[in-house]
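What follows is the residue order along each chain.
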Amino acid sequence: MSGRNRDFGYWRSLDQLAGEASAREFSEREFPENAWQPPEGLTRREMLALLGASISLAGLTACRRPVEQIVPFVQAPEGFFPGVPERYATTMPFGLHAYGLLVESNDGRPTKIEGNELHPATRGGTSAWMQASILGLYDPDRSRSPRRGTERTTRDAFLAAWKERAPALRERRGRGLAWLTEAFASPTLARLAAELRTRFPEALWVAYEPASEEQLYRGVALATGRVLQPVFHLDRADVVLAVESDFLVGDPEAVRWARDFADRRRMRSPQDTPNRLYVVESTYSATGASADHRLPMRRGEMGVFLLALAAELAAQGASGVVPAPVPGMLPEETRRWIRALARDLLARRGRAVILVGPSLPPQVHAAALALNAALGAMGTALGWCELRDAALPERGALATLAEAMHAGSVDTLVILGGNPVYNAPADLAFAEALAKVEFSVHLSERFDETSQRTTWHLNRAHYLEAWGDARAVGGHLSVTQPLIEPLFGGTTDAELLALLLRDEPARGYELVRETWRGILEGGDFERRWQRVLHDGVLEDSALPEIVPEVRGDTTLALARELQAPSAGPELVFTPSYAVWDGRFANLAWLQELPDPVTKLTWDNAALVSPRTAARLGLETGRVVRLRAAGRELQIPVFVLPGQHDQTVTVALGYGRSAAGRVGNGVGVDAYALRTLEGFDRIEGIELEPTAQVRPLASTQDHWQIDPLGARERDRRVAQLYREATLAEYRRDPGFVRHHDALRIPLESIYPDHDYSRGYQWGMVIDLGACVGCNACVVACQSENNIPVVGKEQVRRGREMQWLRVDRYFAGEPEAPRRMLFQPIPCMHCENAPCEQVCPVAATVHDAEGLNGMVYNRCIGTRYCLNNCPYKVRRFNFFNFTKYTPELLRMANNPDVTVRSRGVMEKCTYCTQRIQEAKWRAKEEGRAIRDGELQTACQQACPTRAIEFGNLNDPESRVALLKQHERNYVLLEEMNNRPRTSYLARVRNPNPEIGDA
């Protein structure tokens, strides 16, 4: 099939392409060398710390109702049925964003998180962060009490100390007092903050986020004179240009944007026309993998790129664009790319939009806004609304605060959340400034780097045990309601603000209701309040969208700011796909989650291109001295195909010293190089190789289906990932079936199974909709009690996730043309090779087509894994639950067996959910309805790339997809007849640029 590189095909890593021994080891051996040996130096204490965090290390038996009363089981509340899970709507706040969730509670213990279909930010989907946040609730390293210095104390003791200090502060009208908060969008917090400003008018109020959208909002203000929040409508866009914007996975609102984008990407027939995505970026991102055209470019040249695009749009007749001089010269190939892009954008005026990443300067955002206005995107694909009830982060204000602290003019500092000692710009020396503050308090879930340096530490309540509220992007209002009494008596942000305001404790429940009495005025408050708690969102609470006036000369302003781009290397910072800015560092599920692009786990690295690595004599794992802005860091290198040659990328959020037993010492702290001026990128860096090599745990060569060194097959037959361009698909709708092996009749010596009665389960995964976000992997881990194994075990190829997302490159190693994602669960084969070789019949085929595991039969021969061509089985080498106290086991999903050592594990199509749906349908005297039953991976997927259902129902969505011309199975020539199949991806490249 055309579009596949003739020389290189599809490949997973540079080592695999070069035939390195390490890659061959993972592919040719059933288990790598010494895989059966226990890890060196793993103590019982370390084992306990690791397994404890992976299984949710705490839990209290309590019952949450939508009232502020916790009822003991000896007096069971009305309507309660032991063992029957209940679901509650709540909201996860995340800076200026809010995610509507449904949380499953088993006997009063929250155990599983799903998206709320009624909430616009999730629409039933989730991200890996949302799924893993359940571990934050049960984290054993959470702070369990307030502290004064290092001594444990009580909240009453802090209140007494505040009462002594407050009168003098009020007399001074707040002079010498400062507040430092995280970004938030909450009506209750905004109301209390306004009251505090009135009470202490001369106090400093600062919001800070280490991974913020401050540049975006400043750019909007430059272009419109107003602080407005963007609301993208990507389902209305035919053409999307993403400039250093990882909007599909790395953006805080990615679940929403990815769903809208995928809805325009889905193809039901060759007559449909999917959207087209152009991506300009310095580092390969998950969004870049979905691009129809990708242009690698230094982050420092993104402004130049937009000026060149503006000039080309003006030259092609776009009105409202003021062309500006372009500093420096772009290569001719890049200029041809821009000319074709400009023609495409103008041809779809009104249905084209430009997205700019938050790491770019405000002037770039302002220029992009002007181009969006010229393209007619305002009011169509791009909406705007007022930013209400929000604390917008300002790094300049943080610098002002740090300067005042250094000068001794701040004697009282209140820090709500965040961790500025760890993640503030290094040149602010925040730890030293904090030491000069006489009275400081930090509200935090952990006794972290900042808490260890404040006078007082107050333990913060987790969002699953707290009352609060939030305003989502677009204005939708929702309530955060707890599902469990605070495990350690934590304080919420609203309760602390009210305590400091009134000098008396206040209940979060009453504070939120006080706010909402104003929001729900003019009707039956209690009825409407209960409705909001039930639905998880206030109906019709979206803010009206507006179309602002945009300055037409913003491109000129950008040109005045820009200088000719430097030819030297740059260092760029990016939030981690796993731990974000470091706040999730102690969540083991996320630490062990392979990065979508690099497949790294338990680490960060300096990403360099293959050409840069060759020039400097570097290889993956080599430690380098990275010098930037007068500071130095030692960090291992990872060679990443598709990386720009002049860009070095480092993920933030690692190198923690007070995250907890899981996150401490993992990776390297990149904040040590970050400065106020070099917040997002630093010019003129140096890389100096050292003699040290630090092994990295990357899964990119693990579980290869078609290993190097195996018997050569026709590449067209063995092709695992199938794709075509739109033109190829229209020319040949049946392209996926045109393989030589399929011309040979495939017969089996085994009789067919009879599914004429009952159910027959199957799954289809749309490769065109998958964005590689990994939400499915964490959802499966949470649903099925899958333990983590740690960095050393991952390096040995022992990761336990039942579902993986394979990542392929296509094209030359130095400049691959595409990156591709393919989720791989168990295939549940009709002629399952694993079933034929098990000597004790531990792996069986049931009457509904499921390939199941009988754990108490399994004796650990591992024959089934050796015989599985898809490499989807996992052997449990260690008993990760052996030392877990009985109370801690209560955090697991009670419907799933907790496996012991020495058994084989695999995807079960969430058989426990199938049984639950069957029981529910039987009680009502009916069959399971299509769509009523969802697997954990399917329910979590933000793009709805996974479909599961009953193949015996010819009208079910999965049965209809099985008949689609793009449907195919892996290794069809082996006649395993998998029940999991795929829809081949269809790309929509610009014919003027070609299939690149």
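Here the structure is shown first, and the text comes after it.
If you're wondering where the values come from, they're calculated on a predicted model, not measured in any experiment.

Student: Even after reading the chapter, I still don't get unusual backbone geometry, so can you show me in this structure?
Tutor: Of all residues except glycine, most have a negative phi; of all peptide bonds, most are trans. The phi dihedral of D503 is positive, around 60°, even though this residue is not glycine. D503 gets classed as buried once you look at its relative accessible area, which sits at 12%. In this structure, W703 takes a positive phi of about 55° despite not being glycine. Under the relative-accessibility criterion, W703 is labelled buried at 11%.

Student: Looking at this model, I keep getting lost on helix α6 (residues 187-199). Mind explaining?
Tutor: Each α-helix winds once per 3.6 residues, and so residues spaced three or four apart point in a common direction. The end-to-end C-alpha distance of α6, which contains 13 residues, comes to 18 Å, matching closely the 18 Å that a straight helix rising 1.5 Å per residue would cover. Of all the positions in α6, only P187, T188, L189, R191, L192, A193 and L196 are classed as buried.

Student: Would you mind going over the pattern of salt bridges with me for this structure?
Tutor: As a working rule, side chains carrying opposite charge can pair if their charged atoms are close by. Inspection of every chain in the model, using the stated rule, returns 76 salt bridges. The shortest N-O distance in the salt bridge between E526 and R513 comes to 2.4 Å. With a gap of 13 residues between them, E526 in helix α18 (residues 525-535) and R513 in helix α17 (residues 508-519) connect regions that are remote in the sequence. The buried category is assigned to R513, whose relative accessible area is 6%. Between R627 and E688 there is a salt bridge; the shortest N-O distance is 2.7 Å. Here R627, found in strand β25 (residues 622-628), pairs with E688, found in strand β29 (residues 686-693); they are 61 residues apart in sequence, far enough to count as distant. Under the relative-accessibility criterion, R627 is labelled partly exposed at 26%.

Student: Would you explain the sheet that holds strand β40 (residues 967-968) in this entry?
Tutor: Each strand in a sheet pairs with its neighbour through backbone hydrogen bonds, running either in the same direction (parallel) or in the opposite one (antiparallel). The strand order across the open sheet formed by 4 strands is β39-β32-β41-β40, and the pairing between neighbours is mixed. One side of each edge strand has no neighbouring strand; the edge strands of this open sheet are β39 (946-950) and β40. By the bridge criterion, 2 bridges tie β40 to strand β41 (residues 980-983) in an arrangement that is antiparallel. Following the sheet pairing, N967 is matched in β41 by L983.

Student: Where do I start with the sheet that holds strand β11 (residues 239-243) in this structure?
Tutor: Taken in spatial order, the 4 strands line up as β13-β12-β11-β14 in an open sheet, and their pairing is parallel. Lying at the two open borders of the sheet, with one neighbouring strand each, are β13 (293-296) and β14 (352-356). Pairs of neighbouring strands in the sheet enclose a mean axial angle of 10°, with direction left out of account. Bridge count between β11 and β14: 5 bridges; the pairing is parallel. Looking at β14, one finds that V239 is bridged to A352. Each of β11, β12 (276-281), β13 and β14 touches helix α10 (residues 302-315); the most contacted strand, β11, lies at about 145° to it.

Student: Is there a simple way to explain the packing of aromatic side chains in this structure?
Tutor: Applying the stated rule across the entire model yields 28 aromatic pairs. Each ring, one from W162 and one from F439, has its centre 6.5 Å from the other, and the planes form 45°; the classification is tilted. Here F439 lies in strand β18 (residues 439-444) and W162 lies in helix α5 (residues 155-171), a separation of 277 residues in the sequence. Here the two residues W162 and F439 agree in accessibility, since each one is buried. Between Y509 and W529 the ring centres are 6.5 Å apart and the planes differ by 70°, which places this aromatic pair in the edge-to-face class. Here Y509, found in helix α17, pairs with W529, found in helix α18; they are 20 residues apart in sequence, far enough to count as distant. You'll find Y509 and W529 in the same group, each marked buried. By the ring-pair criterion, three or more aromatic residues cluster together here, those being F94, Y99, W129, W580 and F584. Positioned over the ring face of F679 is R674, at 3.6 Å from the centre of the ring. Seen from the ring of Y755, R979 lies directly overhead, with NZ or CZ sitting 4.7 Å from the centre.

Student: Quick question: what am I supposed to make of the side chain of T188 here?
Tutor: Relative to the elements of secondary structure, T188 occurs in helix α6. Owing to a relative accessible area of 2%, T188 belongs among the buried residues under this scheme. Within the local environment of T188, its side chain forms a polar contact with the side chain of D469, the two groups lying 2.6 Å apart. Apart from the residues lying within four places of it in its own chain, the contact partners of T188 are D469, A494, L511, V512 and T515.

Student: It is not clear to me how the nonpolar core should be interpreted in this structure. Could you clarify?
Tutor: Generally speaking, nonpolar side chains in soluble globular proteins are found buried as a group. In this structure, L234, F247, V353, F584, L590, W761 and L970 are the most contacted members of the largest nonpolar core, which totals 167 residues. Looking at this core, the element that brings in the most residues is helix α4 (residues 128-137), giving 7 residues. With sequence-adjacent residues up to four places away left out, F247 is seen in contact with L234, V240, A242, A254, W257, F261, L277, T287 and L355. Among the nonpolar cores identified, the runner-up in size contains 37 residues, and L345, V356, L371 and L375 belong to it.

Student: Hey, could you run me through helix α28 (residues 911-923) in this one?
Tutor: The terminal C-alpha atoms of α28, which comprises 13 residues, lie 18 Å apart, in line with the 18 Å expected from a rise of 1.5 Å per residue. Residues of α28 that are buried: Q912, R913, I914, A917 and A921.

Student: What exactly am I supposed to notice about the side chain of T126 here?
Tutor: Note that T126 resides in the loop between β4 (109-115) and α4. Side-chain polar atoms of T126 contact the side chain of Q131, separated by 2.9 Å.

Student: Help me understand the pairing of strand β21 (residues 477-480), please; the structure alone is not making it clear to me.
Tutor: On a regular strand, one side chain projects to one face of the sheet and the next to the other, so that they alternate. On β21, burial covers both faces: L477 and V479 on one face and S478 and T480 on the other are all buried. For strand β20 (residues 468-471) and β21, the ladder comprises 4 bridges, and the chain directions are antiparallel. Note on β21: the bridge partner recorded for G468 is T480. Joining the antiparallel neighbours β20 and β21 is a turn of 5 residues, in which G474 adopts a positive phi near 100°.

Student: Before we go on, may I ask you to explain the layout of surface pockets in this structure?
Tutor: Leftover empty space is mapped by rolling, across the atoms, a probe with the size of a water molecule. For the largest pocket, the calculated volume is near 1000 Å³. Elements with a minimum of two residues in the lining of the largest pocket: β13, α11 (332-347) and β34 (816-824). Counting residues per element, the lining of the largest pocket draws most heavily on α11, which supplies 7 residues. Across the lining of the largest pocket, the residue classes break down as 14 nonpolar, 8 polar and 12 charged.

Student: Help me out: how do you make sense of the environment of A308 in this one?
Tutor: Its place among the elements puts A308 in helix α10. A C-alpha to C-alpha distance of 8.6 Å links A308 and P323, two positions 15 residues apart in sequence. Those residues in contact with A308 that sit more than four places away from it in its chain are V326, L330 and I338.

Student: What is the right way to read the state of the cysteines from this model?
Tutor: What we call a disulfide is simply a covalent bond connecting the sulfur atoms of a pair of cysteines. A complete count under the given rule lists 0 disulfides for this structure. Just so you know, C776 is unpaired, no disulfide at all, and the nearest cysteine sulfur is the one on C773, 6.2 Å from it.

Student: So what exactly am I meant to see when it comes to the environment of A368 here?
Tutor: With respect to the helices and strands, the residue A368 is situated in helix α12 (residues 362-374). Residue A368 is classed as buried on the basis of its relative accessible area, which comes to 3%. Residues A368 and L307, spaced 61 residues apart in sequence, show a C-alpha to C-alpha distance of 9.3 Å.

Student: Would you explain the packing of helix α7 (residues 214-224) against α12 in this entry?
Tutor: Each pair of packed helices can be summarised by the angle the axes make with each other and by the distance between the axes. With their axes 7 Å apart at the nearest point, α7 and α12 run at an angle of 55° to one another. Judged by the angle between their axes, α7 and α12 are oblique. Every pair of crossing elements has a handedness; the one defined by α7 and α12 is right-handed. Contact residues: α7 offers Q215, L216, R218, G219, V220, L222, A223 and T224, while α12 offers P362, Q363, H365, A366 and L369. Among the residues forming the contact of α7 with α12, the class breakdown is 7 nonpolar, 5 polar and 1 charged.

Student: Would you mind showing me how to read the pairing of strand β27 (residues 647-651) here?
Tutor: Among the 5 residues that make up β27, 5 are buried, leaving the element largely enclosed by the rest of the structure. Here β27 shows two buried faces, one formed by T647, T649 and A651 and the other by V648 and V650. By the bridge criterion, 5 bridges tie strand β22 (residues 570-574) to β27 in an arrangement that is parallel. Bridge pairing in β27 links V572 to T649. Bridge count for strand β24 (residues 606-608) against β27 is 2 bridges, and the pairing is antiparallel.

Conventions adopted
Residues numbered from 1 in each chain as written. Predicted model: local features only at pLDDT ≥ 70, side-chain atom pairs only at ≥ 80, totals over all residues. Heavy atoms only, no water. Buried < 20%, exposed > 50% of the residue type's maximum accessible area, 1.4 Å probe, protein only. Helix = DSSP H or I, 4+ residues; strand = E, 2+ residues; numbered from the N terminus. Expected span 1.5 Å × (residues − 1). Salt bridge = Lys/Arg side-chain N within 4 Å of Asp/Glu carboxyl O. Pairing = 2+ DSSP bridges. Axes fitted to C-alpha atoms, helices over the stretch in contact; angles between N-to-C directions. Contact = heavy atoms within 4.5 Å. Phe/Tyr/Trp six-rings, centres within 6.5 Å; stacked < 30°, edge-to-face > 60°. Lys NZ or Arg CZ within 6 Å of the ring centre and 35° of its normal. Polar contact = N/O pair within 3.5 Å; in protein donor to acceptor, adjacent residues only side chain to side chain. Core = buried A, V, L, I, M, F, W, Y, C linked by side-chain atoms within 4.5 Å. 1 Å grid on protein atoms, 1.4 Å probe; cavity = no way out; pocket = protein on both sides within 12 Å on 5 of 7 lines; lining within 4 Å. Points joined across faces, edges and corners; volume = space filled by probe spheres on them. Nonpolar A, V, L, I, M, F, W, Y, C, P; charged D, E, K, R; others polar. Disulfide = S-S within 2.5 Å. Parallel < 35°, antiparallel > 145°, perpendicular 65-115°, else oblique. Left-handed = near helix turned anticlockwise from the far one by under 90°.

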